[in-house]
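Architecture at a glance
As a plain string of letters, each chain reads:
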Amino acid sequence: MKWTTEKIFTHPLGILAAATGATFLWGSAFPIIKLSYAELEIGKGQVYEQILFAGFRFTLAALLILALMKLMGRSVGYQRGSWQGVAKIGLSQTLLQYVFFYYGMSGSTGVQGSILAGTTSFFQILIAHRMYADDRITSRKLTGLVVGFAGVVVVGLSGGATGVHFGLAEVCLLAAMFFGGLGNVLSKKESVRLDILYMTSYQMLLGGLALSAIGAAGAGVMPFDFTWRALGMLIYLAVLSALGFVLWNTAMKYNQVGSISMYLFLIPVFGVFLSAWLLTEPLHWTVWLALALVAGGIVIVSRKPAAADPAPTEARLKA
């Protein structure tokens with residue numbers, strides 16, 4: 001049997017590998033970003049510097065994908081009719097998501113940030129419900145969402161903090177998650193007619209340059225004193241962004257939004273595990289409970305509904 005891209009990314013193991021791989025990479029970004037900030041002496045309140053660093057990250061990620069396309073012999077030139085779609089994705093998935101995210105995180109706590117990050121799945125499934133007739137919200141999806149989100153809440157509260165407040169920072173975090181979900185659904189829509197590598201690279205290039213411009217307006221063009229260690233972490237963040245979005249966008253292209261969105265709940269769980277390893281932060285037993293809940297939610301949503309009973313046979317009717 002010939003394994004095409006579609007067959008790989010619609011096979012249960014292919015979906016698991018792609019979606020889990022993407023969320024693992026994105027989860028690893030949390031401790032690496034924290035280490036990068038420490039290395040570059042970026043303070044918690046230095047939002048412009050944070051946005052500028054994000055701009056560098058996504059611009060470099062886009063250039064890496066374009067370089068890969070060139071090595072593969074693919075055209076990196078402008079594709080007719082692609083500008084509007086790519087611009088919409090770049091505006092939502094990169095620019096607006098990360099501007100609101102960094103501003104929100106600067107005024108919120110890590111606990112609330114990790115909990116609110118789980119709302120991306122909700123927004124993504126709600127948007128898909130409105131855009132796709134064959135991707136409606138069902139009781140099975142809703143149950144899986146509730147179970148998965150319970151895991152995100154558990155991992156957010158695993159540090160023992162229970163005080164939750166809601167203000168402008170939290171509104172910005174919710175806005176970031178909304179734009180992230182919208183960007184993912186728009187990527188699925190545009191992937192029908194655009195090459196995944198082309199679409200991903202140019203949306204990140206546009207968003208990365210815009211983030212860089214915003215950051216530079218408040219912090220200067222190059223306020224950082226890059227060390228080899230900081231440069232290495234920036235390259236890693238760019239690679240994980242490039243690979244993560246390519247894997248995720250490809251999985252989204254060939255599958256229903258609702259069946260893939262649940263995997264986003266793994267991001268904060270992976271983030272906690274990797275932070276415990278890389279930042280020597282305490283790992284509470286509740287994280288294992290969170291992982292079990294998230295996995296349970298994924299299984300509930302991914303499980304195919306039972307087929308309708310076949311028409312009764314003559315023997316059954318007689319019985």
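All values derive from a computational prediction rather than experimental measurement. (Residues numbered from 1 in each chain as written. Predicted model: local features only at pLDDT ≥ 70, side-chain atom pairs only at ≥ 80, totals over all residues. Heavy atoms only, no water.)

Remarks on the overall build of the protein chain
Tallying secondary structure elements over the protein chain gives 14 helices and zero strands in all. The secondary structure elements of the protein chain, listed N-terminal to C-terminal, are α-α-α-α-α-α-α-α-α-α-α-α-α-α. The burial tally for the protein chain puts 50% of its 319 residues in the buried class. Intrachain contacts of the protein chain at a sequence separation of at least 6 include 89% that bridge at least 24 residues. (Helix = DSSP H or I, 4+ residues; strand = E, 2+ residues; numbered from the N terminus. Buried < 20%, exposed > 50% of the residue type's maximum accessible area, 1.4 Å probe, protein only. Contact = heavy atoms within 4.5 Å.)

Some words on the packing of helix α3 (residues 47–71) against helix α9 (residues 196–219)
Helix packing for two helices is described by the angle between their axes and how far apart those axes are. Two numbers describe how α3 lies on α9: the axes approach to 7 Å, and their chain directions differ by 155 degrees. Classified by the interaxial angle, the pair formed by α3 and α9 is roughly antiparallel. Read as a crossing pair, α3 and α9 show a hand that is left-handed. In the contact of α3 with α9, the residues fall into 21 nonpolar, eight polar and one charged. (Axes fitted to C-alpha atoms, helices over the stretch in contact; angles between N-to-C directions. Parallel < 35°, antiparallel > 145°, perpendicular 65-115°, else oblique. Left-handed = near helix turned anticlockwise from the far one by under 90°. Nonpolar A, V, L, I, M, F, W, Y, C, P; charged D, E, K, R; others polar.)

Observations concerning helix α8 (residues 168–190)
With 23 residues, α8 should reach 33 Å at 1.5 Å per residue; the first-to-last C-alpha distance of 32 Å fits that figure. The element α8 is largely enclosed, with a buried count of 18 among its 23 residues. (Expected span 1.5 Å × (residues − 1).)

Topic: the packing of aromatic side chains
The geometry of an aromatic ring pair is captured by the separation of the ring centres together with the interplanar angle, meaning the angle of the planes. Per the counting criterion, the structure on display carries 15 aromatic pairs. Within the aromatic cluster, the residues linked to one another by ring pairs are Y37, F53, F56, F224 and F226. (Phe/Tyr/Trp six-rings, centres within 6.5 Å; stacked < 30°, edge-to-face > 60°.)

Concerning the packing of α8 against helix α10 (residues 228–254)
Closest axis-to-axis distance for the α8/α10 pair is 8 Å, and the angle between their directions is 60 degrees. The angle between α8 and α10 places the two elements in the oblique class. In the crossing of α8 with α10, the sense of the turn from one axis to the other is right-handed. Across the interface between the two elements, N184, V185, S187 and K188 from α8 touch W248, N249, M252 and K253 from α10. A class-by-class count of the residues in the contact of α8 with α10 yields three nonpolar, three polar and two charged.

Some thoughts on the nonpolar core
W26, F53, Y102 and W248 are the most contacted members of the largest nonpolar core, which totals 78 residues. At twelve residues, the largest contribution of residues to this core is made by α3. Residues contacting W248, with those up to four places away along its chain left out, are A19, A22, T23, W26, Q124, N184, I260, S261, Y263 and L264. (Core = buried A, V, L, I, M, F, W, Y, C linked by side-chain atoms within 4.5 Å.)

Quick word on the side chain of S36
Mapped onto the secondary structure, S36 falls in helix α2 (residues 12–40). From its side chain, S36 meets the backbone oxygen of I32 in a polar contact 2.8 Å long. What S36 contacts, discounting residues up to four positions off in sequence, is F53, M233 and L237. (Polar contact = N/O pair within 3.5 Å; in protein donor to acceptor, adjacent residues only side chain to side chain.)

Observations regarding a nonpolar patch on the surface
The grouping of L64, W228, L231, I235 and V239 at the surface amounts to a nonpolar patch, some 510 Å² of accessible area in total. Considering every element that reaches the nonpolar patch, the biggest residue donor is α10, with four residues. Checked against the element boundaries, L231 lands in helix α10. (Patch = residues over 30% accessible without salt bridge, like charges linked within 9 Å, V, L, I, M, F, W, Y side chains within 5 Å. Areas by Shrake-Rupley, 256 points an atom, 1.4 Å probe, with all protein chains shown as cover. Salt bridge = Lys/Arg side-chain N within 4 Å of Asp/Glu carboxyl O.)

Considering unusual backbone geometry
With phi around 60 degrees, E41 is a residue other than glycine that occupies positive phi space. Summarising the element assignment, E41 is placed in the loop between α2 and α3. Using a relative accessible area of 68% as the deciding quantity, one classes E41 as exposed.

Describing the environment of A22
Locating A22 in the fold gives a position in helix α2. Note on A22: relative accessible area 0%, which makes it buried. Sequence separation between A22 and G244 is 222 residues, and the spatial gap between their C-alpha atoms is 4.3 Å. Sequence-distant contacts of A22, that is, excluding residues within four places in its chain, are made with G244, L247 and W248.

Structural notes on α2
Helix length check: α2, at 29 residues, gives a terminal C-alpha distance of 41 Å against a target of 42 Å (1.5 Å per residue), a fit within 8%. Taken as a whole, α2 carries its principal kink of about 30 degrees at F30; the proline P31 stands between one and four residues after it. (Bend = angle between axes of the 7 residues up to and from the residue.)

Considerations on the pattern of salt bridges
Scanning the entire structure with this criterion turns up three salt bridges. Residue D195 pairs with R74 through a salt bridge whose shortest N-O separation is 2.7 Å. Highlighted residues: D195 in the loop between α8 and α9 and R74 in the loop between α3 and α4 (83–107), separated in sequence by 121 residues.

Focus: the side chain of S92
Inspection of the secondary structure puts S92 in helix α4. In this structure S92 comes out as buried when scored by relative accessible area, which is 5%. Dropping the residues within four chain positions of it, S92 is found in contact with Q97, F179, G180, L182, G183 and L186.

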